[in-house]
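The residues making up each chain are set out below.
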Amino acid sequence: MTQTILLTGAAGNLGNQLRPYLCARYEKVILSDCLEITVLAENEQFRGGFLDNAVAMKAACTGVDAIVHMGGKRDEGQWDTVNTSNIQGFITLMEAAHSAGVKRMVFASSNHSIGMYGRQRRIGTGDKVRPDSRYGLSKAFGEALCALYADKHGMRCLSIRIGNVNSAPLDRRGLSVWLHFEDLCQLVSIGLEHPDLHNEIVFGCSDNSLGFWDNEAAFQLGYRPQHKSDDHRERALAQQADLADDLIGNQLQGGGFGSAEFNGDIDRTLRS
């Protein structure tokens with residue numbers, strides 16, 4: 001059983017929510033973030049630093065069995081920011097993890113790595129990446145980085161293409177991409193504990209009948225989502241009616257990430 005977990009991005013929304021779950025399940029949890037965390041549980045320790053700081057990441061990874069990587073920039077940004085946090089930052093973390101003998105990596109990827117697929121398509125993890133943004137491209141890069149370290153260095157990796165984590169779906173798109181926090185925790189534990197894991201990509205979504213994604217890869221690892229977006233359909237559709245219409249984004253799995261800065265041929269994109 002994995003005992004010492006490093007959680008990056010521990011001061012962020014998902015990181016902060018994951019802390020009690022990890023503390024209850026594992027012996028020791030190391031928290032890392034560029035923002036200082038001063039209130040700690042009995043089995044937590046804080047090791048701060050920016051992801052692209054090799055010295056800080058080396059210190060963070062010391063004595064760690066596995067990493068849950070929730071750190072980095074969490075939305076769209078300019079190239080220099082996305083590169084520093086999500087690309088160079090993840091390279092630095094991965095190299096520190098490899099040098100420290102870390103055995104497992106659970107990577108918070110994103111649905112935005114495949115966000116330019118049309119909503120009429122149902123895709124699996126074997127379909128090619130189609131990022132909808134610089135942010136989405138950085139997540140596709142992270143998935144490839146996991147593949148390199150799994151195949152070449154023996155690290156066991158799980159990339160979770162997280163949809164939208166919330167207490168309930170927020171709109172029509174949410175009925176397809178919603179992920180309840182308890183289902184996210186289940187996926188994280190699969191990445192930390194599954195004995196036969198090599199390198200897998202799974203979709204981070206709950207049991208959504210309107211889903212865009214074939215999540216067979218997750219089911220093969222034992223994932224059994226406990227929450228259904230259908231239970232919130234009426235509320236989600238009511239909230240959709242209050243939103244401004246996005247003629248491009250409403251056709252794309254990535255929503256507004258895909259429509260932002262869009263000046264291509266939407267018909268050709270949807271046919272591809």
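(A) Broad picture of the overall build of the protein. Counting its secondary structure elements, the protein contains 10 helices and 11 strands. For the protein, the C-alpha radius of gyration of 18 Å lies close to 19 Å, the compact-globule estimate for 272 residues. Projecting the C-alpha coordinates of the protein onto the three principal axes gives extents of approximately 50 × 40 × 35 Å. Looking at the protein as a whole, 52% of its 272 residues qualify as buried. Taking all contacts inside the protein whose residues are at least 6 apart in sequence as the whole, residues at least 24 apart take part in 67%. Surface accessibility of the protein: about 12300 Å² in total, with carbon and sulfur atoms responsible for 49%.

(B) Spotlight on the pairing of strand β7 (residues 156-162). β7 sits mainly inside the fold: 6 of its 7 residues count as buried. The pairing of strand β5 (residues 104-110) with β7 spans 7 bridges and is parallel. Among the inter-strand pairings, F107 is bridged to a residue of β7, identified as S159. Pairing between β7 and strand β10 (residues 199-204): 6 bridges, direction parallel. Paired with S159 across the two strands is I201, which belongs to β10.

(C) Geometry of the packing of aromatic side chains. Summed over the entire model, instances satisfying the criterion amount to 5 aromatic pairs. Centre to centre, the rings of F90 and F107 are 4.7 Å apart; their planes meet at 20°, and the pair counts as stacked. Pair noted here: F90 is in helix α3 (residues 79-100) and F107 is in strand β5, with a separation of 17 residues, a long-range link. Judged on exposure class, the residue F90 and its partner F107 are both buried. Measuring from ring centre to ring centre gives 4.9 Å for F203 and W213, while their planes differ by 10°; the resulting arrangement is stacked.

(D) A look at the pattern of salt bridges. If you walk through the whole model with that rule in mind, you get 9 salt bridges. Of the charged contacts in the structure, one is a salt bridge between E261 and R134, with a shortest N-O distance of 2.9 Å. Pair noted here: E261 is in the loop between α9 (256-259) and α10 (266-271) and R134 is in helix α4 (residues 134-153), with a separation of 127 residues, a long-range link. Residue classification places E261 among the exposed residues on the basis of a relative accessible area of 58%. Exposure remark for R134: the relative accessible area of 13% places this residue in the buried category. Between R233 and D230 there is a salt bridge, with the nearest N and O atoms lying 3.0 Å from each other. The class for R233 is partly exposed, based on a relative accessible area of 32%. Within the structure, one salt-bridge network assembled from shared partners comprises E76, R134 and E261.

Calculation rules
- Residues numbered from 1 in each chain as written.
- Predicted model: local features only at pLDDT ≥ 70, side-chain atom pairs only at ≥ 80, totals over all residues.
- Heavy atoms only, no water.
- Helix = DSSP H or I, 4+ residues; strand = E, 2+ residues; numbered from the N terminus.
- Rg over C-alpha atoms; globule rule 2.2 N^0.38 Å.
- Buried < 20%, exposed > 50% of the residue type's maximum accessible area, 1.4 Å probe, protein only.
- Contact = heavy atoms within 4.5 Å.
- Areas by Shrake-Rupley, 256 points an atom, 1.4 Å probe, with all protein chains shown as cover.
- Pairing = 2+ DSSP bridges.
- Phe/Tyr/Trp six-rings, centres within 6.5 Å; stacked < 30°, edge-to-face > 60°.
- Salt bridge = Lys/Arg side-chain N within 4 Å of Asp/Glu carboxyl O.

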